[in-house]
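Read off the chains here:
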Amino acid sequence: MTIWTLDPGRKEQLTGWALSLLRIVAALLFIEHGTQKYFGFPVPFPMGEIHLASLLGVAGALELVGGTLVLFGVFTRPVALLLSGEMAIAYFMMHLPQNFYPIANGGEAAILFCFVFLLIAAAGPGPWAVEKMIKRRGA
């Protein structure tokens, strides 16, 4: 039996689980960019030390704080929309000037994060999220 032959309720449940998994994995990968900028972990930041008041400092803070909020599913839609915008700006400011083609300018991750976060902003966090648990307890 494939997913295509499942009843609609089961398909919806699997889709929700897949959305939650996408959100969690994307957030974990995104947080790594912030930890790299601020802590040099898991690998040193190639541009050296950054300052909080710089553009890269703000990006690192968004990656750490925003990524953590998305990871746990707290204020997911507005935060994911903000992070999607951050990645669009990062692509146009940092990557596109280097070369038109994403494969040549290193911007594939920025584009992918941009659209993954846009999807999460539109679709919501999925069922495995703190905001969903709070909503279920209140109901």
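This text follows the structure it describes.
Figured I'd write up the structure that's included with this text. (Residues numbered from 1 in each chain as written. Predicted model: local features only at pLDDT ≥ 70, side-chain atom pairs only at ≥ 80, totals over all residues. Heavy atoms only, no water.)

## Digging into the environment of Glu-63
The criterion, for reference: Secondary structure elements follow DSSP: runs of H or I no shorter than four residues count as helices, runs of E no shorter than two count as strands, and numbering proceeds from the N terminus. Contact criterion: two residues are considered in contact whenever any of their non-hydrogen atoms come within 4.5 Å of each other. N or O atoms within 3.5 Å of each other form a polar contact, as long as, within protein, one can give a hydrogen and the other can take it, and as long as residues adjacent in sequence are counted only when both atoms are side-chain atoms.
If you trace the backbone, Glu-63 turns up in helix α2 (residues 55-72). Taking the C-alpha atoms as reference points, Glu-63 and Lys-37, separated by 26 residues in sequence, lie 9.4 Å from one another. Residues in contact with Glu-63, not counting those within four places in the same chain, are Phe-30, Ile-31, His-33, Gly-34, Lys-37, Thr-68, Glu-86 and Met-87. Reaching out from Glu-63, the side chain makes a polar contact with the backbone nitrogen of Gly-34 at a distance of 3.3 Å.

## Some thoughts on the packing of aromatic side chains
Rules: Pairs were defined over the aromatic rings of Phe, Tyr and Trp, the Trp ring being its six-membered one, requiring ring centres within 6.5 Å. Orientation was assigned from the angle between planes: stacked under 30 degrees, edge-to-face over 60, tilted for the rest.
Scanning the model with the defined rule gives seven aromatic pairs in all. Here a set of aromatic residues connected by ring pairs shows up, and it is made of Phe-30, Phe-113 and Phe-117.

## Here's the deal with a positive patch on the surface
Stated precisely, the cut-off is as follows: Within the patch definition used here, like charges are joined within 9 Å and nonpolar side chains (Val, Leu, Ile, Met, Phe, Trp, Tyr) within 5 Å, considering only residues with over 30% relative accessible area and no salt bridge. Methods summary: accessible areas were calculated by the Shrake-Rupley approach with a probe of 1.4 Å, and residue burial reflects only the protein chains presented. Any Lys or Arg side-chain nitrogen located within 4 Å of an Asp or Glu carboxyl oxygen qualifies as a salt bridge. For this count, His and the chain ends are skipped, Lys and Arg are scored as positive, and Asp and Glu as negative. Here the site of a charge means atom NZ of a Lys, CZ of an Arg, CG of an Asp or CD of a Glu.
A contiguous patch of positive charge on the surface is contributed by Arg-77, Lys-132, Lys-135 and Arg-136. Looking at the positive patch, the element that brings in the most residues is helix α6 (residues 130-138), giving three residues. Tracing the backbone shows Arg-136 in helix α6.

## Notes on the side chain of Gln-36
The line we're drawing: To sort residues, take the accessible area from a 1.4 Å probe on protein chains only and compare it with the maximum for the residue type: under 20% means buried, over 50% means exposed, and anything in between is partly exposed.
Relative to the assigned elements, Gln-36 resides in helix α1 (residues 8-39). Here Gln-36 falls in the buried class, since its relative accessible area comes to 16%. Those residues in contact with Gln-36 that lie beyond four places of it in its chain are Phe-41, Val-43, Pro-44, Phe-45 and Pro-46.

## Regarding a nonpolar patch on the surface
There is a patch of nonpolar side chains on the surface, built from Met-47, Leu-55, Ile-89, Met-93 and Met-94 and spanning about 520 Å² of accessible area. Considering every element that reaches the nonpolar patch, the biggest residue donor is helix α3 (residues 76-95), with three residues. Tracing the backbone shows Ile-89 in helix α3. With relative accessibility at 51%, the residue Ile-89 sits in the exposed group.

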